[in-house]
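Examination of the molecular architecture
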Amino acid sequence: MTRHHVAVLALDQAVTFDLGVPGQVFTSARDDQGQSHYSVRVCAPHPIRTTAGFTVTADHGLEALDDADTVLVPGVGRSSDPVERGFVAPEVAEALRKAYERKARIVSVCTGASVLAAAGLLDDRPAASHWAYADRLREHYPRVKWDFDALFRDDGDVLTSAGVAAGIDLCLHIVRSDQGSEVANRAARSCVVPAFRDGGQAQFIERPVPVTAGAGTARTREWVTGRLGETVALEEMAGHARMSVRTFTRRFREETGLSPARWLLQQRVAHARLLLESTDLPIDVVARRAGLGSASALRQHLHTAIGVSPSAYRRTFRLSTTQTSE
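Cut-offs applied
- Residues numbered from 1 in each chain as written.
- Predicted model: local features only at pLDDT ≥ 70, side-chain atom pairs only at ≥ 80, totals over all residues.
- Heavy atoms only, no water.
- Helix = DSSP H or I, 4+ residues; strand = E, 2+ residues; numbered from the N terminus.
- Expected span 1.5 Å × (residues − 1).
- Buried < 20%, exposed > 50% of the residue type's maximum accessible area, 1.4 Å probe, protein only.
- Arc of directions from axis to C-beta.
- Contact = heavy atoms within 4.5 Å.
- Core = buried A, V, L, I, M, F, W, Y, C linked by side-chain atoms within 4.5 Å.

1. Focus on helix 1 (residues 16-27)
Every α-helical turn comprises 3.6 residues, leaving residues that sit three or four positions apart pointing alike. An ideal rise of 1.5 Å per residue puts 16 Å on 12 residues; helix 1 measures up with 18 Å between its terminal C-alpha atoms. Those residues of helix 1 lying buried are D18, L19, V21, P22, V25 and F26. The buried side chains of helix 1 occupy one side of the element, clustering within an arc of 160° when seen end-on. Buried residues in helix 1 make contact with strand 1 (4-9), strand 2 (38-43), strand 4 (55-56), strand 5 (70-73), helix 6 (166-179) and helix 7 (181-191).

2. Overview of the environment of A295
Inspection of the secondary structure assignment puts A295 in helix 13 (residues 295-306). A295 gets classed as buried once you look at its relative accessible area, which sits at 17%. Among residues more than four places away in sequence, those in contact with A295 are I283, D284 and A287.

3. Overview of the environment of S114
Tracing the chain through its elements places S114 in helix 4 (residues 112-118). For S114 and S28, which are 86 residues apart along the polypeptide, the C-alpha to C-alpha distance reads 28 Å.

4. A few points about the nonpolar core
Counting residues in each nonpolar core, the largest one holds 36 residues, and the members touching the most others are L9, L96, L122 and W146. Here the element with the most residues in this core is helix 3 (residues 90-101); it accounts for five residues. Once residues within four sequence positions are removed from consideration, L96 is found in contact with L9, L65, V71, V73, I106, V115, L116, A119 and L121. Ranked by size, the runner-up nonpolar core spans 30 residues in total, among them L19, V25, I168 and C191.

So yeah, pure geometry; function would need other evidence.
Listed below in structure tokens is the structure:
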């Protein structure tokens, strides 16, 4: 098995959680024989100081980016050059641009997006980062199409995530895209994290009025995900949560950042993708089991979500996993 090489680029004021997540998630992505699909190398231009108050001396220098399949930049502190002053060291920018030019996948976690932006890799692209840095990042990098609502943004060869734990979501998304849902789900179980989190950053943004204490909608969401093949009305969801429809809808949006209908559609499409990846079921059966009703409805929703048809998605996915195992 050929391993996918990930280079994690640590810079001054690296956020230690972001620095540790890629190695944990990617090396947990294993095949049926227990072999990891990824190798992870941490690199840095020199010994760097972290936000946790200790210094890291990486095993590799910037040359590790030269043959990496994926280059990942963890978050950096609020007083770091890319965040506070809008620039990055020339040698770092050059190494990132060279990796991008030779078609390496470029990834950032949290404020690591500021490093990519300072290197010019996010100009005119959609990108995610931590909502708390929105004003500062917009000011320094106005050409970037910032999205401070999403947990992560996948723009093909450049992927960015929101803050801290959203880096886990993005790493699992990458594993799912590379290796399939079964491998990603096993990696998530190994890391003791959800395989997929619904909603966006809206559920974490500070509000002037705190969310009312008491029972939330999490148990109802779990109940619904076990019934995706059935018709579940908003009234039934509210009844399960023992709330009025109005209260349930408000609470649901506060907790997930989405309306119940939009959240449910996301779950149905995600389940359909899993069935397309892992089974040979006919398209119309996949649509019914995911609760989307018909093959035409599945085609429409999948095309809206990822821009391809169910058949094309299945073919591409099967080809990708076959090539990986060779």
